[in-house]
Amino acid sequence: MDQMNFKPTPPPELTEKQKQSPLMKYYNMDIEPVPADLVEQVMKMTYSDNLPGTPVEELNKMFDEGYTDSEFGFYTLPDGGTMFANLTPFPGVTPEMFDWWFAWHGLDSLRYTIWNKDEHYYCQTQNVEQALDTSLSLRERFWDTQHEIKESIVPGGPAIPVRLHFVNPTELGFDGEKLKDYNGTIICTPGPPSLMIHFFRGTPEGGELRTRFYSGYRAANGVVERLPADPNRPSMGGDMGSRMMLLHNIKEYRHLAKILPSLYAEYKDNFTVDLD
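As a starting point, this report considers the structure included with it. (Residues numbered from 1 in each chain as written. Predicted model: local features only at pLDDT ≥ 70, side-chain atom pairs only at ≥ 80, totals over all residues. Heavy atoms only, no water.)

Brief notes about the packing of aromatic side chains
Alright, step 1. Inspection of the entire model under this criterion finds 23 aromatic pairs.
Alright, step 2. Judged by centre distance (4.5 Å) and plane angle (20°), the ring pair of Trp100 and Trp104 falls under stacked. Of this pair, Trp100 and Trp104 both sit in helix α4 (residues 95-104), 4 residues apart, roughly one helical turn.
Alright, step 3. Given the relative accessible area of 0%, Trp104 is considered buried.
Alright, step 4. Ring centres of Phe142 and Phe166 lie 6.2 Å apart, and the angle between their planes is 80°; on these two criteria the pair is classed as edge-to-face. Taken together, the residues Phe142 in the loop between α6 (128-131) and β4 (145-151) and Phe166 in strand β5 (residues 160-166) connect sequence positions 24 residues apart.
Alright, step 5. A relative accessible area of 2% places Phe142 in the buried class.
Alright, step 6. The lysine or arginine in question, Arg201, covers the ring of Tyr67, its NZ or CZ lying 4.7 Å from the ring centre. (Phe/Tyr/Trp six-rings, centres within 6.5 Å; stacked < 30°, edge-to-face > 60°. Helix = DSSP H or I, 4+ residues; strand = E, 2+ residues; numbered from the N terminus. Buried < 20%, exposed > 50% of the residue type's maximum accessible area, 1.4 Å probe, protein only. Lys NZ or Arg CZ within 6 Å of the ring centre and 35° of its normal.)

Quick look at empty space enclosed by the protein
Alright, step 1. On inspection of all chains with the given rule, the structure shows 1 cavity of 30 Å³ or more.
Alright, step 2. Considering only enclosed or pocket space, the largest cavity measures out at about 40 Å³ in volume.
Alright, step 3. Contributing to the lining of the largest cavity are Phe102, Ala103, Gly106, Thr125, Ala131, Arg141, Phe142, Thr145 and His147.
Alright, step 4. Of all the secondary-structure elements, those providing two or more residues to the lining of the largest cavity are α4 and β4.
Alright, step 5. Taken together, the residues that form the lining of the largest cavity break down as 4 nonpolar, 4 polar and 1 charged. (1 Å grid on protein atoms, 1.4 Å probe; cavity = no way out; pocket = protein on both sides within 12 Å on 5 of 7 lines; lining within 4 Å. Points joined across faces, edges and corners; volume = space filled by probe spheres on them. Nonpolar A, V, L, I, M, F, W, Y, C, P; charged D, E, K, R; others polar.)

A short note on the nonpolar core
Alright, step 1. Ranked by internal contacts, the top residues of the largest apolar core, which has 74 residues, are Phe98, Trp100 and Leu263.
Alright, step 2. Element by element, the count of residues in this core is highest for helix α8 (residues 240-267), at 12 residues.
Alright, step 3. Aside from chain neighbours lying at most four places away, what touches Leu263 is Leu23, Tyr26, Trp100, Trp101, Trp104, Ile114 and Lys268. (Core = buried A, V, L, I, M, F, W, Y, C linked by side-chain atoms within 4.5 Å. Contact = heavy atoms within 4.5 Å.)

Regarding the pattern of salt bridges
Alright, step 1. Applying the stated rule across the entire model yields 15 salt bridges.
Alright, step 2. The partner of Lys251 in a salt bridge is Glu119, with the nearest N and O atoms 2.9 Å apart. With a gap of 132 residues between them, Lys251 in helix α8 and Glu119 in the loop between α5 (109-115) and β3 (120-125) connect regions that are remote in the sequence. Grouping residues by exposure puts Lys251 and Glu119 together as buried. (Salt bridge = Lys/Arg side-chain N within 4 Å of Asp/Glu carboxyl O.)

A few points about the sheet that holds strand β1 (residues 73-76)
Alright, step 1. Strand order in the open sheet made by the 5 strands is β1-β2-β8-β7-β6, with antiparallel pairing throughout. Strand pairing shows two members of the sheet lacking a second neighbour, β1 and β6 (184-189), which therefore form its edges. Direction aside, neighbouring strands of the sheet carry axes that sit 20° apart on average.
Alright, step 2. Most of the contacts of α4 go to β6, to which it runs at about 30°, and overall it touches β2 (82-91), β6, β7 (194-203) and β8 (206-215).
Alright, step 3. Its contacts with the sheet put α8 on β1, β2, β7 and β8, and the angle it makes with β2 is roughly 20°. (Pairing = 2+ DSSP bridges. Axes fitted to C-alpha atoms, helices over the stretch in contact; angles between N-to-C directions.)

Some remarks on the pairing of β4
Side chains on a regular strand alternate between the two faces of the sheet.
Alright, step 1. Only one face of β4 is buried: it carries Thr145, His147, Ile149 and Glu151, and the other face, with Gln146, Glu148 and Lys150, is open.
Alright, step 2. Pairing geometry for β3 and β4, over 5 bridges, is antiparallel. Residue pairing across strands places Tyr122 opposite Lys150, the latter belonging to β4.
Alright, step 3. Bridge count between β4 and β5: 7 bridges; the pairing is antiparallel. Each residue of the ladder has a partner; that of Thr145, found in β5, is Phe166.

What follows is the structure in structure tokens.
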């Protein structure tokens, strides 16, 4: 994706109803751009600069204390696949709050827009009743659900429709017993064409998010399968599209870390629905 060669898409427009929402105080907050030195680092980085990434067969190592060698950047994998990773501090945010966000925000598209008003156009869960079911835990309210999303990767970039299928992390091979005792949560999608993993863990300051995007895989029933080579499938190995995706991820999760504590305090019991 060449960020200079696309037909610009206007920023997300709000409806009159949305403009009257109490969430507008979050919409009106400034979103900090990715710092220039970090942009320069991402634009210069290639997968060959780094050690091999964590193989999909070793995802359970993320439960270990400390960090892996694959926490930020582009990485190649032993089977020839690629991944990119990001690490975001979430001061004042607990794992429960992170689960709540994914159970809550798909019920009102404005909630998705305030996450990144430059690039988030639309989001709606396709499983409203499940999201509202108070007999379920917060994570069970979004596991095995679909979100219809429309977003761009850079401000003014093409608005791309995306369907995300959130699953129980055991579908990707994460150990269910480890997850029971884990001071954290895992938000993930099984592909194809990519595995998305948001591995959130508690810290003395609140929490931190370890993100992984594995390109060219799909998962089901705890087994991850490498997809056959496809020259038309974008790589996560450091091309321009991947750089833009990483910068997008940095920007949106830094902003979510900023607004989530106050959003949770204000709306944690407010599971209202607005699907207009």
